[in-house]
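# Analysis of the macromolecular model
Okay, here's what each chain looks like letter by letter:
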Amino acid sequence: MLPVYFIIMKETFTIQTSNSKIEITYQVFGLPIGTAPVVLVFHALTGNSQATGTNGWWQQVIGNQQAIDTNQVSVIAIEIPSATSFHFDLKEYKPFITIKDLVPWYDGLLSSLAINSIDMVIGGSLGGALALEFVAESKLPVKNVIAIACLPENSHWSYGLLQVQEEILLHNTLGLELARKQAMLFYRSPEGLEEKFQNQSKKDGISSWLEYHANSLKNRFSKEDYLFRNHLLMQVQVKWNLFLQHKLKRHQTKIVFIGISSDQLYPNTQIQQVAKLWKNDYPEVYFEELISAHGHDAFLIDQKQVSELIQKHDPKSKIHENQSYL
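Keep in mind it's a predicted model, so treat the numbers as computed, not measured.

Right, let's get into the sheet that holds strand β10 (residues 285-290). Strand order in the open sheet made by the eight strands is β1-β2-β6-β3-β7-β8-β9-β10, with mixed pairing throughout. Sheet topology places β1 (7-16) and β10 at the edges, where each strand pairs with a single neighbour. Put simply, the sheet's adjacent strands are angled 20 degrees from each other on average, direction ignored. Judged from the five bridges that link them, strand β8 (residues 142-148) and strand β9 (residues 254-260) form a sheet pairing that is parallel.

This part covers the nonpolar core. One finds Ile118, Phe134, Tyr226, Phe257 and Trp278 to be the most contacted residues of the largest nonpolar core, which totals 77 residues. Tallying contributions element by element places helix α2 (residues 126-137) first for this core, with eight residues. The contacts of Tyr226, once residues within four sequence positions are left out, are Leu45, Thr46, Gln165, Leu169, Leu176, Ala179, Arg180, Ala183, Tyr187, Leu217 and Phe221. Ala51, Met120, Ile122 and Leu290 belong to the second-largest nonpolar core, a separate cluster that totals 28 residues.

With that settled, consider the confidence of the model for the chain. Averaged over all residues, the pLDDT of the chain equals 91, while 91% of them reach at least 70. Note that pLDDT drops below 50 for residues 317-326; the model gives that stretch 16 contacts with residues more than four away or on any other chain.

Right, let's talk about the layout of surface pockets for a bit. Empty space within the largest pocket amounts to approximately 650 Å³. Every residue lining the largest pocket is counted, 24 residues in all, and those nearest its centre are Thr46, Trp57, Arg180, Arg220 and Leu300. Counting only elements with at least two residues in the lining of the largest pocket, the list comes to α4 (175-187), α6 (203-220) and α10 (298-301). Residues of the lining of the largest pocket, tallied by class, amount to 11 nonpolar, nine polar and four charged.

Bringing unusual backbone geometry into the picture now. The backbone of Asn55 sits at a positive phi, close to 65 degrees, despite the residue not being glycine. Tracing the backbone through its elements, the reader meets Asn55 in the loop between β3 (38-42) and β4 (62-63). Despite not being glycine, Gln252 has its phi angle at roughly 55 degrees, a positive value. Here Gln252 is to be found in the loop between α8 (242-251) and β9.

The subject of this paragraph is the packing of aromatic side chains. Scanning the entire structure with this criterion turns up eight aromatic pairs. With centroids separated by 5.3 Å and ring planes inclined at 35 degrees, the aromatic side chains of Trp57 and Trp58 adopt a geometry described as tilted. For the pair formed by Trp57 and Trp58, the shared burial category is buried. For the ring pair Phe257 and Trp278, a centre distance of 5.3 Å and an interplane angle of 80 degrees mean the geometry is edge-to-face.

Of all seven residues in β8, six are buried; the element is thus mostly enclosed. Handedness of the crossover is the feature at issue here: the chain leaves strand β7 (residues 118-124), passes through α2, returns alongside β8, and the resulting connection is right-handed.

What follows is about α8. Of all the positions in α8, only Leu244, Gln245, Lys247, Leu248 and His251 are classed as buried. The buried side chains of α8 occupy one side of the element, clustering within an arc of 160 degrees when seen end-on. Turned more than 90 degrees away from the buried face of α8, the exposed residues are Leu242, Phe243 and Arg250. The inward-facing, buried residues of α8 abut α2, β8, β9 and α9 (268-281). Gln252 occupies a position one or two residues after α8 and carries a positive phi of about 55 degrees.

This paragraph deals with the pattern of salt bridges. A side chain of one charge can pair with a side chain of the opposite charge if their charged atoms are brought near each other. Under the counting rule described, the total for this entry stands at six salt bridges. A salt bridge links Lys100 to Glu137; the nearest nitrogen and oxygen atoms lie 3.9 Å apart. Here Lys100, found in helix α1 (residues 99-112), pairs with Glu137, found in helix α2; they are 37 residues apart in sequence, far enough to count as distant. Residue classification places Lys100 among the partly exposed positions, given a relative accessible area of 35%. Arg188 is the salt-bridge partner of Asp297, the closest N and O atoms lying 3.3 Å from each other. Of this pair, Asp297 sits in the loop between β10 and α10 while Arg188 sits in the loop between α4 and α5 (190-196), placing them 109 residues apart in sequence. The class for Arg188 is buried, based on a relative accessible area of 13%.

For the rest of this paragraph, the subject is the environment of Ala36. With respect to the element layout, Ala36 can be found in the loop between β2 (21-30) and β3. Take Ala36: its relative accessible area is 2%, and that puts it in the buried class. Between the C-alpha atoms of Ala36 and Val73, which are 37 residues apart in sequence, the distance is 5.1 Å.

Before going further, it helps to examine the packing of α1 against α2. Running from N to C, α1 and α2 point in directions that differ by 70 degrees, and their axes come no closer than 9 Å. Considering the angle they form, α1 stands roughly perpendicular to α2. Where α1 approaches α2, its residues Ile99, Lys100, Val103, Tyr106, Asp107 and Leu110 are matched on the opposing element by Leu126, Ala129, Leu130, Glu133, Phe134 and Glu137. Considering only residue class, the contact of α1 with α2 consists of eight nonpolar, no polar and four charged.

Conventions adopted
Residues numbered from 1 in each chain as written. Predicted model: local features only at pLDDT ≥ 70, side-chain atom pairs only at ≥ 80, totals over all residues. Heavy atoms only, no water. Pairing = 2+ DSSP bridges. Helix = DSSP H or I, 4+ residues; strand = E, 2+ residues; numbered from the N terminus. Axes fitted to C-alpha atoms, helices over the stretch in contact; angles between N-to-C directions. Core = buried A, V, L, I, M, F, W, Y, C linked by side-chain atoms within 4.5 Å. Buried < 20%, exposed > 50% of the residue type's maximum accessible area, 1.4 Å probe, protein only. Contact = heavy atoms within 4.5 Å. pLDDT = per-residue confidence, 0-100. 1 Å grid on protein atoms, 1.4 Å probe; cavity = no way out; pocket = protein on both sides within 12 Å on 5 of 7 lines; lining within 4 Å. Points joined across faces, edges and corners; volume = space filled by probe spheres on them. Nonpolar A, V, L, I, M, F, W, Y, C, P; charged D, E, K, R; others polar. Phe/Tyr/Trp six-rings, centres within 6.5 Å; stacked < 30°, edge-to-face > 60°. Right-handed = clockwise from strand over helix to strand, strands pointing away. Arc of directions from axis to C-beta. Salt bridge = Lys/Arg side-chain N within 4 Å of Asp/Glu carboxyl O. Parallel < 35°, antiparallel > 145°, perpendicular 65-115°, else oblique.

Here it is, written out as structure tokens:
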């Protein structure tokens, strides 16, 4: 008989720092923590902790008998704290927060849940970069990392695109809407957009689509949080050094990079080059290609193919019946 599939509703974990209280919202899906392997999921730039279930952004990847099967694992989806949690100054970037700085707070959350190892860390875009930062900085051993549509450090190209996002947000009264419109163009691909709007006028097609996404984000997201998360993505810097290599070897960690064939933000060839460089020093690094015309957002759109790539590197083959998860 299969275990009961259930969802634990959203909870908030508060950490007291020297300057303020940091609130971390998270959700748990699947089996009770302590009874199954733990899968840690990180969301993209405008995402949240609702990874599956009603209105979940990865319903075809995480769930009952999906690639990440909630009948077999405990899934923890953590939300990036709000900009106001840090008293983040939009003009001066004070305090200067990076993705790396989030990891100790996430470790604190996981410690409070009595978790001392992670079976898989996975995410796409900003979530993928956070997965790489987590395996590099966390005190917890991680067995498997799947980093989708991201780089451990921005190229000049991706940094430049993100810098323009920042400038639009800072210097324009309609910054949130305009930044979102620009971002949607490099989140998708020219081929994908031509296919999507081939039977529509420019006004009814691309213009209406951009306006919809701008208004949709405005209704659910603040300019401050968009700028803060864009800032986090700009500051990604996972150094490939002997310390990280020794850590991966000690924990026998497997890393899978997934690039998207039509990605305009993090071109597939750049991700492949990083995977090749890392593999020269550490054999348990792999590269997979997601073939799609949908661009950077393909990891959210082509969920069936994402699932197939996850299953190809399925960590469940390493799970032993009598293994302790606490």
